[in-house]
Amino acid sequence: MTTITIDFEYKKGNISSTQTIDKIHMTIAKAKARAAKMENCIGFCIESSKKPSGSKEYLCHFKEGAISVIDHGNWHTHLCPEGGGGGSTTVALKSGSGPKSGLQVPGGRKGKHARTVTNFCKEANIAESDQLDLAEFIVAARYLGTEANDEQLMNVFIDMEEAGGGSTGDNKDPKQLIKDLMAKVDEDYGLGDDGKDDGMEDGDAEIMMENP
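Residues numbered from 1 in each chain as written. Predicted model: local features only at pLDDT ≥ 70, side-chain atom pairs only at ≥ 80, totals over all residues. Heavy atoms only, no water.

A few words now on the state of the cysteines. What the rule picks out here adds up to zero disulfides. Unpaired in this structure, cysteine 41 has its nearest cysteine sulfur neighbour in cysteine 80, at a distance of 4.4 Å. Owing to a relative accessible area of 0%, cysteine 41 belongs among the buried residues under this scheme. Residue cysteine 45 stays outside any disulfide, its sulfur separated by 9.4 Å from that of cysteine 41, the closest cysteine. (Disulfide = S-S within 2.5 Å. Buried < 20%, exposed > 50% of the residue type's maximum accessible area, 1.4 Å probe, protein only.)

So, on to the environment of tyrosine 10. Positionally, tyrosine 10 belongs in strand β2 (residues 9-12). Overall, the relative accessible area of 29% leaves tyrosine 10 in the partly exposed class. A distance of 2.7 Å separates a polar atom in the side chain of tyrosine 10 from a polar atom in the side chain of histidine 76. (Helix = DSSP H or I, 4+ residues; strand = E, 2+ residues; numbered from the N terminus. Polar contact = N/O pair within 3.5 Å; in protein donor to acceptor, adjacent residues only side chain to side chain.)

Attention shifts here to helix α5 (residues 174-189). Counted at 1.5 Å a residue, the expected span for α5 with its 16 residues is 22 Å, and the 22 Å between its end C-alpha atoms agrees. Turning to α5, its buried residues are Pro174, Lys175, Leu177, Ile178, Leu181, Met182 and Val185. Burial along α5 is one-sided: seen end-on, the buried residues are contained in an arc of 160 degrees. By the N-cap criterion, in which a side-chain oxygen at the helix start approaches the backbone nitrogen of a residue two or three places on, α5 is capped by aspartate 173, the distance to lysine 175 being 3.0 Å. (Expected span 1.5 Å × (residues − 1). Arc of directions from axis to C-beta.)

With that settled, the discussion passes to the pattern of salt bridges. The final tally for this structure, using the stated rule, is six salt bridges. Note that aspartate 71 is salt-bridged to lysine 12, the shortest N-O span being 4.0 Å. Remark: lysine 12 occurs in strand β2 and aspartate 71 occurs in the loop between β5 (58-64) and β6 (75-79); sequence separation between them is 59 residues. When its relative accessible area of 54% is taken as the criterion, aspartate 71 is described as exposed. (Salt bridge = Lys/Arg side-chain N within 4 Å of Asp/Glu carboxyl O.)

So, about the pairing of β6. The buried count for β6 comes to five of five residues, which makes it a mostly enclosed element. Judged from the four bridges that link them, β2 and β6 form a sheet pairing that is antiparallel. Of the residues in β6, the one forming a bridge with lysine 11 is threonine 77. (Pairing = 2+ DSSP bridges.)

When you line up the elements, aspartate 133 lands in the loop between α2 (117-123) and α3 (134-144). By relative accessible area, which is 29% here, aspartate 133 ends up partly exposed. Sequence separation between aspartate 133 and serine 53 is 80 residues; the distance between their C-alpha atoms is 9.8 Å.

In this structure, Phe120, Phe137, Leu153, Ile178 and Leu181 are the most contacted members of the largest nonpolar core, which totals 28 residues. Listing elements by their share of this core, those giving two or more residues are α1 (28-37), α2, α3, α4 (150-165) and α5. A total of eight residues in this core trace back to one element, the largest contributor, which is α3. Once residues within four sequence positions are removed from consideration, isoleucine 178 is found in contact with Val117, Phe120, Cys121, Leu132, Ala140 and Leu144. By size, the runner-up hydrophobic cluster in this structure holds 13 residues, among which are Phe8, Ala31, Met38 and Tyr58. (Core = buried A, V, L, I, M, F, W, Y, C linked by side-chain atoms within 4.5 Å. Contact = heavy atoms within 4.5 Å.)

Take the packing of aromatic side chains next. Taken as a whole and judged by the stated rule, the model has four aromatic pairs. Note on phenylalanine 44 and phenylalanine 62: the rings are 5.7 Å apart at their centroids and 45 degrees apart in plane angle, and the pair reads as tilted. Taken together, the residues span a long stretch of sequence, with phenylalanine 44 in strand β4 (residues 41-47) and phenylalanine 62 in strand β5 at a distance of 18 residues. Overall, the relative accessible area of 0% leaves phenylalanine 62 in the buried class. By the ring-pair criterion, three or more aromatic residues cluster together here, those being Phe8, Phe44 and Phe62. (Phe/Tyr/Trp six-rings, centres within 6.5 Å; stacked < 30°, edge-to-face > 60°.)

Counting through the fold element by element, lysine 32 comes out in helix α1. On the accessibility criterion, lysine 32 (17% relative accessible area) is buried. Excluding its chain neighbours within four sequence positions, the residues that come into contact with lysine 32 are Phe8, Phe44 and His78.

This is the structure:
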């Protein structure tokens, strides 16, 4: 499937402990949000026998200084986008091998195209069995036309994750999760879309709304 991720680079290995500026237990999504805001932060490292993922909390070691990842032991590193922390988090659409790897978010080319959760999942090749991550939600929200900023969207995603909604929700398919998250964005901030959907599946009807 097309992968849509916050532009952190994953590397197997660790950065020297002398470069640690903070360490705290948290999820990967929350650690990325924290690292993006920390002045001079170059990323964070986690010690785990398996590649860290999902809603599990890990002891995250936040780093500063030169980037030198040494591959040893059970360490994993997530490097901040180019330029380091202290700025806004970058959301990037990474092209996959599928035929529809070029989502235009936000905006996009003009044409007949309904901006719905169903169509987003189709264009991003996100299946019902896939697990929605933070970056995919942010791109989905942009696609749906929300006025909420990245920080507000991250806060909603993390709040729902911490409330047990799941990474957020291993029991929810991505479409339903996006709708629930968008409803919470509207509830918390009064901004954007409520995760509207036309309810149409493949072949049910033509797409009728024209993009502005």
